[in-house]
Amino acid sequence: MGAKAAKDPVPRVSIPLNPVFGWTVGNWMENFFDGMKEGKILGSRCPDCGRVFLPPRMICERCFAKADEWVELPATGTVQACTEAAVKVAENGDMVDLENPEIIAMVKHDGADTCITARLEGADASIGMRVEAVLNPGAENVLDLLAAYRPMG
Amino acid sequence: MEKEAAIIGYAQTPYEADSNCSRELLVLQATRAALEAAGLKREDLDTIVTANNDYLDGRTISNMRLVEPAGSWRKNESKVEMDGAFALLYALTRILSGDHDIALVVAESQASVYGGILPGIMMLDPTFDRQRWLLNEVSGAALQASAYMDASGVSEEQIAGVAAKNLDNAAGNPLALRSLPGADAAKVMASRPLYSPIRDLMMAPLCDGACALVLASGKAAAKAEKPVWIKGVGFAHDSYLTERPLESMNSLKLAAGSCYAQAGIEDAASQIDLAEVHERFAHEELMSYEALGFCGPLQGGAFFDSGATRMDGKLPVNASGGAMGANVDCGAGLARVIEAAMQVRGDAGKHQAKGVKTALAHGQTGICAQENIVYVLGGE
Ligand SMILES: [Zn+2]
């Protein structure tokens, strides 16, 4: 059948598909970013079970309810998972080698029940490590407000 | 579930880095071969479910041009934008409704067409995780592996050993894209580091391919040769990856529990003869041993070390090579069902395990296996 009939490679054309989506980040993430501009870390809390979401989420899946209470959390937390990245993903989807490996960690802030994934400064990381958020309140891009985490002490 | 629906035919195309043909011809190759295997014609089909993905196919409503090769012209057809193992669930519910006797399920994608692991990044929370460009399917899996290793004490060498087992098994599977006969953990540990502990050979290779399966009602299957009965199915969904404990596959455990209740499985390790699990990363196979009840919580490494899941063990896992041999997006889970059915029939050729009467197949979708589905299959 067709699959094996062709001997020469099929000609390829690049067909761009570049849809642009106009999301708002939503009130919850807006609160989160606005808080960090003032150096505050704000999570959302489920009024039913008390779980605290950071980054803030709108809905608690366990209670099937709006998580619409707000709590200010400390900048400190604990590494729950970590990886040393030897690569990064290029825009074409290839994994390309990083000149200097970097640590990516999932951090649970003290008082939170969910994790933020961010870069961890330094070369070593382990689960259970105590870390603190490096905030950058003056950042132009809201995504840079939480620059990274750094080991404590 | 007792003799209500059976697999009566299936086919897979070879899995290749570049199939060098259109997805329509890939699908036609799989569907015609599956129908021929079932001894049926297009006219016999009552309902069709395709598994494909708009993003992967680079178009919206990507099943639109599958009308022709899926055999669905002027027929009852729908699409599942997930793994084909979930499309099979949809087909099964249609058969169980009593309205249909013959269903065709077909899954396809071509990694040579879409940009590597970019589609996985599009699954992430768009307002934060995606923008920060740190998480993707591989780094997410690496974070899960780190949490699992910390909780269980499993080592990188044990994870590498799983990959080596499957790549060695894949040498017996003529359709596999990647195989390494005689591979050992050291060989896997020497492959390119990606996100620790994950190295290139611990990650299932994305590829081009299609697979198709014909499902029949009990009444229609009674006339078929060597029907493989669906004894049970279970499926469950968990939270987003940063909002759940990562060291265990809780939705797989729930899926297995409801599947086993239907299939009458009380002790999976002794009642299941073989399993095909959808391990997109090698550590997921160890975690699946636990979630599927083959061993106790956090005992996956020890269970692997016992040799039970090797080809000659008491419960071979991924005799086909699993997804380590070929991981076609949308199709690798359905391929696990097909491979499990082949084993029950004794039709697996060079990778046939001995004495398989009851087999388990697993499929998954989402980062860090957020959603899981489990089938138990049996012969006469
Ligand atoms: Zn709640």
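Report follows, based on the coordinates. Predicted, not measured: the structure shown is a model, and the values here were computed from it.

## Focus: the pattern of salt bridges
For step 1, the next point in the chain: In this structure the tally under the stated criterion is 23 salt bridges over all chains.
For step 2, the next point in the chain: A salt bridge links Asp34(A) to Lys37(A); its shortest N-O distance comes to 3.5 Å. With Asp34(A) and Lys37(A) both in helix H2 (residues 26–37) and 3 residues apart, the pair spans about one turn of that helix.
For step 3, the next point in the chain: What emerges from the salt-bridge pattern is a single network uniting Arg23(B), Glu24(B), Asp57(B), Arg59(B) and Glu108(B).

## Quick notes on the sheet that holds strand S10 (residues 358–365) of chain B
Residue and element names in this part refer to chain B.
For step 1, the next point in the chain: Strand order in the open sheet formed by 9 strands is S3-S2-S4-S7-S1-S8-S11-S10-S9, and the pairing between neighbours is mixed. Only two strands of the sheet have a single partner each, and these edge strands are strand S3 (76–80) and strand S9 (274–276). Within the sheet, the average angular offset between the axes of one strand and its neighbour, ignoring direction, is 25°.
For step 2, the next point in the chain: In this fold helix H10 (residues 250–263) packs onto strand S8 (228–237), S10 and strand S11 (371–378), with an angle of close to 145° to the strand it touches most, S8.
For step 3, the next point in the chain: The strands that helix H15 (residues 332–345) touches are strand S1 (5–12), strand S4 (102–110), strand S7 (208–217), S8, S9, S10 and S11; relative to S1, the one it contacts most, it runs at about 110°.

## Quick notes on the sheet that holds strand S5 (residues 69–73) of chain A
All names here are of chain A.
For step 1, the next point in the chain: Spatially, S2-S1-S5 is the arrangement adopted by the 3 strands of the open sheet, whose pairing is antiparallel. On the outer flanks of this sheet lie strand S2 (52–53) and S5, each paired with one strand and no other.
For step 2, the next point in the chain: H2 rests against strand S1 (41–45) and S5 of the sheet, and its axis sits at about 155° to S1.

## Side note on the coordination of the zinc ion
Residues and elements named next belong to chain A.
For step 1, the next point in the chain: The zinc ion binds to the protein through Cys46 (SG), Cys49 (SG), Cys60 (SG) and Cys63 (SG), with metal-donor distances spanning 2.3 to 2.4 Å.
For step 2, the next point in the chain: Considering all 4 donor atoms around the zinc ion, angles at the metal cover 105 to 112° and the coordination shape is tetrahedral.
For step 3, the next point in the chain: Every donor residue of the zinc ion comes from the same chain, spaced as C-x2-C-x10-C-x2-C.
For step 4, the next point in the chain: For cysteine 60, a relative accessible area of 0% corresponds to the buried category.
For step 5, the next point in the chain: Using a relative accessible area of 24% as the deciding quantity, one classes cysteine 63 as partly exposed.

## Details of the interface of chain A and chain B
For step 1, the next point in the chain: With 53 residues of chain A at the contact, the number on the chain B side is 48 residues.
For step 2, the next point in the chain: Of the roughly 3,900 Å² buried where chain A meets chain B, counting both sides, 60% is carbon and sulfur surface.
For step 3, the next point in the chain: On inspection of chain A and its partner chain B, the count reaches 3 salt bridges.
For step 4, the next point in the chain: Here Asp125(B) ties to Arg57(A) by a salt bridge, and the two come within 3.6 Å at their closest N and O atoms.
For step 5, the next point in the chain: Where chain A packs against chain B, one counts 12 residue pairs in polar contact (both at pLDDT 80 or more).
For step 6, the next point in the chain: The set of elements that each furnish at least two residues to the side of chain A that touches chain B consists of helix H1 (2–5), H2, strand S6 (76–89), strand S7 (95–109), strand S8 (116–120) and strand S10 (146–151) of chain A.
For step 7, the next point in the chain: Among the residues making up the side of chain A that touches chain B, the classes are represented as 32 nonpolar, 8 polar and 13 charged.

Reading the values: rules and limits
- Residues numbered from 1 in each chain as written.
- Chains lettered and ligands numbered in written order.
- Predicted model: local features only at pLDDT ≥ 70, side-chain atom pairs only at ≥ 80, totals over all residues.
- Heavy atoms only, no water.
- Salt bridge = Lys/Arg side-chain N within 4 Å of Asp/Glu carboxyl O.
- Helix = DSSP H or I, 4+ residues; strand = E, 2+ residues; numbered from the N terminus.
- Pairing = 2+ DSSP bridges.
- Axes fitted to C-alpha atoms, helices over the stretch in contact; angles between N-to-C directions.
- Contact = heavy atoms within 4.5 Å.
- Donors = N, O, S within 2.8 Å, 3.2 Å for Na, K, Ca; no water.
- Tetrahedral: all angles 85-135°; square planar, octahedral: opposite > 155°, others 65-115°.
- Buried < 20%, exposed > 50% of the residue type's maximum accessible area, 1.4 Å probe, protein only.
- Buried area = accessible area lost by both parts, 1.4 Å probe.
- Polar contact = N/O pair within 3.5 Å; in protein donor to acceptor, adjacent residues only side chain to side chain.
- Nonpolar A, V, L, I, M, F, W, Y, C, P; charged D, E, K, R; others polar.

Everything listed here is a matter of geometry and, on its own, says nothing about what the molecule does.
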